[in-house]
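These are the residues of each chain, in order.
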Amino acid sequence: MAARASAARSRKAAASTTKDLKDTLWRAADKLRGSMDAAEYKHFVLGLIFLKYVSDAFDERREAIEAELREEDANEREILEALEDREEYIGAGVFWVPQAARWNDIAAKAKAAAGQESVGQLLDAAMKAVGDQNSVLKGALPQGLFNNRGVDERRLGELVDLINRIGFGEQLALDGTRRSARDVLGEVYEYCLGKFALAEGKRAGEYYTPACIVKLIVEVLEPQRGERVYDPACGSGGMFVQAEKFIESHGGEAVDIAVYGQELNQNTWRLATMNLAIHGIRADLGTKWGDTFHDDQHKDLRADVVMANPPFNISDWGGDRLAMDPRWKYGEPPTGNANYAWLQHMASRLSANNGRAGIVLANGSMASRQSGEGDMRQAMVEDDLVACMVALPGQLFSNAQIPACLWFLMRDKSPKGAQRLTDRRGEVLFIDARGLGSMVGRTQKELTDKDIARIADTVHAWRGTASAREKELPAYEDVAGFCKSAKLDEIREHEFILTPGRYVGAVEVEYDPDAEPANERITRLTKELFEQFAESARLETVVREQLGRIG
């Protein structure tokens, strides 16, 4: 008993603030940074974070079970049996951690590993044991990662020691509310994903979408309790995590939505499984990783909400093997670019009455006419499927500098009876958000919460949603330079090009009677420029003279 109480005190003493956890874990990444590139070491660090978390959560549950039984005056034999009863943990939503995977054992053996099992062998065995004992993690945890890649054992041992010093326990937030271990770790895990994406650069695009874009899509689509949410290119699962946060912020829980996803990359599929497990989100990500176009694992799904950031402009997607596919309702996508294959795949998965989608694509998708893309876009608009187009600011992605936009699709734009929505049949809302966002680094921009609210509120005011009424938003009006609700005739005049800048016009400039007349301003600025040229020439002469004397 004394030893158990001491261990509990030790764990509580090790509990850290969220900032401490982030700092510690990023230092952990540095332990491996020199021996492998970012694309590899993220799997080591995130895998170990997950293993530490499930072990800490297991220990907390173990202490709770013991405390409950002692209160009930259970004897020692009954307590020991309950502590090793798998169902006591699974039933409480806690992963069962076999003895070989319990962190305290791993950390102790890692220190004394010389001449015995290597640290890599210990960790691989622990991952396998946890995966085998928890069906939801089957095949999702890294297998043979730690012992088969020429990993520096010394560095790996130091990494285990560093992670051993942190504890994933309950914390008090700044506002005094209590945050669960799961909330804390979820935030830390997302932080690490973002940091790895920055470090990894271009290749990070396969698993990470900037948080502000994910938040914007969720705020516009507003997933509701009982709805089915689908992401056919789910990456690390960020869209689902944000949807769950939205549900919780409106009084619901993670279990209130049904989550379906698919991911092509094996390692990214594993990241998503771990990420969702940490957040307590039960998701159907298919039986394994797979190609959404050629191995669609949710063929019969009709989702209420579809959210995705599919890879931009991919040219080798195997479209030549999918001729006459029933998903191509608006035309056969070109084999050299998958943008319209993604759009039509997602449209085909929308439920008939309530289906709505938010999709990130390259700006070229709004205006391209190559290989029938213009005809497909026209057919989608004439079918009244396109609800809103948003031109995003540049530099939002750490991994891609090409301009991006958001497509919002909607199956039904009618008032929908008791929902009392504004009738928007035959209309498309265009928002030019290129002027929004703030720089958060030398080369990266971010949409602020205020920017996100401005865009989302504009969409809700336009549609007349319940949230617009709750917020008492003013009735929708076009704003020159920012938003315009265009009818089908106007879109036809623009030959179905959907670039918002064509519709919203220029920002209106208020007349200022005291402002300097334009011709006088040009004359003044020209004079100042020539004066600067003259000064530059004078300075050049002085520098040349001085250098000549030195020579």
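Residues numbered from 1 in each chain as written. Predicted model: local features only at pLDDT ≥ 70, side-chain atom pairs only at ≥ 80, totals over all residues. Heavy atoms only, no water.

With respect to the overall build of the protein
Part 1 of the reasoning: On a plain count of helices and strands, the protein comes out with 19 helices and 13 strands.
Part 2 of the reasoning: By the burial criterion, 49% of the 551 residues in the protein qualify as buried.
Part 3 of the reasoning: Considering only contacts in the protein between residues 6 or more positions apart, those separated by 24 or more positions represent 72%. (Helix = DSSP H or I, 4+ residues; strand = E, 2+ residues; numbered from the N terminus. Buried < 20%, exposed > 50% of the residue type's maximum accessible area, 1.4 Å probe, protein only. Contact = heavy atoms within 4.5 Å.)

Some remarks on the pattern of salt bridges
Part 1 of the reasoning: Summed over the entire model, instances satisfying the criterion amount to 30 salt bridges.
Part 2 of the reasoning: The partner of E427 in a salt bridge is R424, and the shortest N-O contact between them spans 3.0 Å.
Part 3 of the reasoning: Residue classification places E427 among the buried positions, given a relative accessible area of 8%.
Part 4 of the reasoning: Overall, the relative accessible area of 11% leaves R424 in the buried class.
Part 5 of the reasoning: Note that E540 and R544 form a salt bridge whose closest N and O atoms lie 3.1 Å from each other. Highlighted residues: E540 and R544, both in helix α19 (residues 518-550), separated by four residues, approximately one helical turn.
Part 6 of the reasoning: Relative accessible area serves as the criterion here: at 58%, R544 is assigned to the exposed category.
Part 7 of the reasoning: Because the salt bridges share partners, they merge into one network encompassing R61, E68 and E88. (Salt bridge = Lys/Arg side-chain N within 4 Å of Asp/Glu carboxyl O.)

Regarding the pairing of strand β3 (residues 228-231)
Part 1 of the reasoning: Both β3 and strand β4 (residues 258-261) contribute to a ladder of four bridges, which runs parallel. Counterpart to V229 in the pairing with β4 is V259.
Part 2 of the reasoning: With respect to chirality, the unit in which β3 leads through helix α11 (residues 238-249) into the neighbouring parallel β4 is right-handed.
Part 3 of the reasoning: Relative to strand β6 (residues 305-308), β3 is paired through two bridges, and the arrangement is parallel. Residue Y230 lies in a different strand from β6, and its bridge partner there is V306. (Pairing = 2+ DSSP bridges. Right-handed = clockwise from strand over helix to strand, strands pointing away.)

Remarks on the sheet that holds strand β7 (residues 356-362)
Part 1 of the reasoning: Judged by pairing direction, the sheet is mixed, and its nine strands sit side by side in the order β5-β4-β3-β6-β7-β9-β8-β10-β13 without closing on themselves. Among the strands making up the open sheet, the edge pair consists of β5 (283-284) and β13 (483-487).
Part 2 of the reasoning: Most of the contacts of helix α15 (residues 449-463) go to strand β10 (residues 427-432), to which it runs at about 160°, and overall it touches β8 (386-391), β9 (404-410), β10 and β13. (Axes fitted to C-alpha atoms, helices over the stretch in contact; angles between N-to-C directions.)

What to know about unusual backbone geometry
Part 1 of the reasoning: For D384, which is not a glycine, the phi torsion comes out positive at approximately 60°.
Part 2 of the reasoning: Within the secondary structure, D384 sits in the loop between α14 (373-382) and β8.

Considering the packing of aromatic side chains
Between two aromatic rings, the relevant description is the distance of the centres plus the angle of the planes.
Part 1 of the reasoning: In the structure shown here, the tally under the stated rule is 14 aromatic pairs.
Part 2 of the reasoning: For the pair W269 and W289, a centre-to-centre distance of 5.4 Å together with 65° between the ring planes defines the contact as edge-to-face. Within this pair, whereas W269 is found in helix α12 (residues 266-278), its partner W289 is found in the loop between β5 and β6, the two being separated by 20 residues in sequence.
Part 3 of the reasoning: The exposure class of W289 is partly exposed, given its relative accessible area of 25%.
Part 4 of the reasoning: Grouping aromatic residues by their ring pairs yields a cluster made of F293, W317, W328 and W342.
Part 5 of the reasoning: Above the face of the W96 ring, R102 is positioned so that its terminal group lies 5.5 Å from the ring centre.
Part 6 of the reasoning: Above the face of the F482 ring, R454 is positioned so that its terminal group lies 3.7 Å from the ring centre. (Phe/Tyr/Trp six-rings, centres within 6.5 Å; stacked < 30°, edge-to-face > 60°. Lys NZ or Arg CZ within 6 Å of the ring centre and 35° of its normal.)

Focus: the nonpolar core
As a rule of thumb, soluble globular proteins bury nonpolar side chains together.
Part 1 of the reasoning: Counting residues in each nonpolar core, the largest one holds 58 residues, and the members touching the most others are F50, L51 and L123.
Part 2 of the reasoning: When residues of this core are traced back to their parent elements, those giving at least two are α2 (18-33), α3 (38-71), α4 (76-83), α6 (103-111), α7 (119-133), α8 (153-164), α9 (181-200) and α12.
Part 3 of the reasoning: When sequence neighbours within four positions are dropped, the list of residues in contact with L51 reads A101, W103, I106, L123, A126, M127 and V130.
Part 4 of the reasoning: Membership of the second largest hydrophobic core comes to 52 residues, among which are C234, I247, L276 and F482. (Core = buried A, V, L, I, M, F, W, Y, C linked by side-chain atoms within 4.5 Å.)

Re the pairing of β6
Part 1 of the reasoning: Residue alternation in β6 divides its side chains into two sets, V305 and M307 and V306 and A308, and both sets are buried.
Part 2 of the reasoning: Inspection of the sheet shows β6 paired to β7 by four bridges, in the parallel sense. The residue of β7 that forms the bridge with V305 is R356.
Part 3 of the reasoning: Crossover handedness for the path β6 to helix α13 (residues 339-348) to β7: right-handed.

Focus: a nonpolar patch on the surface
Part 1 of the reasoning: Taken together, L529, F530 and F533 make up a surface patch of nonpolar side chains, about 330 Å² in accessible area.
Part 2 of the reasoning: Take F533: it is sitting in helix α19. (Patch = residues over 30% accessible without salt bridge, like charges linked within 9 Å, V, L, I, M, F, W, Y side chains within 5 Å. Areas by Shrake-Rupley, 256 points an atom, 1.4 Å probe, with all protein chains shown as cover.)

A look at the environment of P310
Part 1 of the reasoning: Relative to the elements of secondary structure, P310 occurs in the loop between β6 and α13.
Part 2 of the reasoning: Sequence spacing of P310 and A338 is 28 residues, and the spatial spacing of their C-alpha atoms is 9.3 Å.
Part 3 of the reasoning: In this view, P310 contacts A233, W342, M346, I359, V360 and L361; residues no more than four positions away in its chain are not counted.

Quick notes on the environment of L25
Part 1 of the reasoning: Along the chain, L25 falls in helix α2.
Part 2 of the reasoning: According to the relative accessible area criterion, L25 is buried, its value standing at 0%.
Part 3 of the reasoning: Each C-alpha atom of the pair L25 and I166 lies 8.9 Å from the other, and the pair is 141 residues apart in sequence.
Part 4 of the reasoning: Here L25 is in contact with V45, I49, I163, I166, V188 and C192, once residues within four sequence places are set aside.

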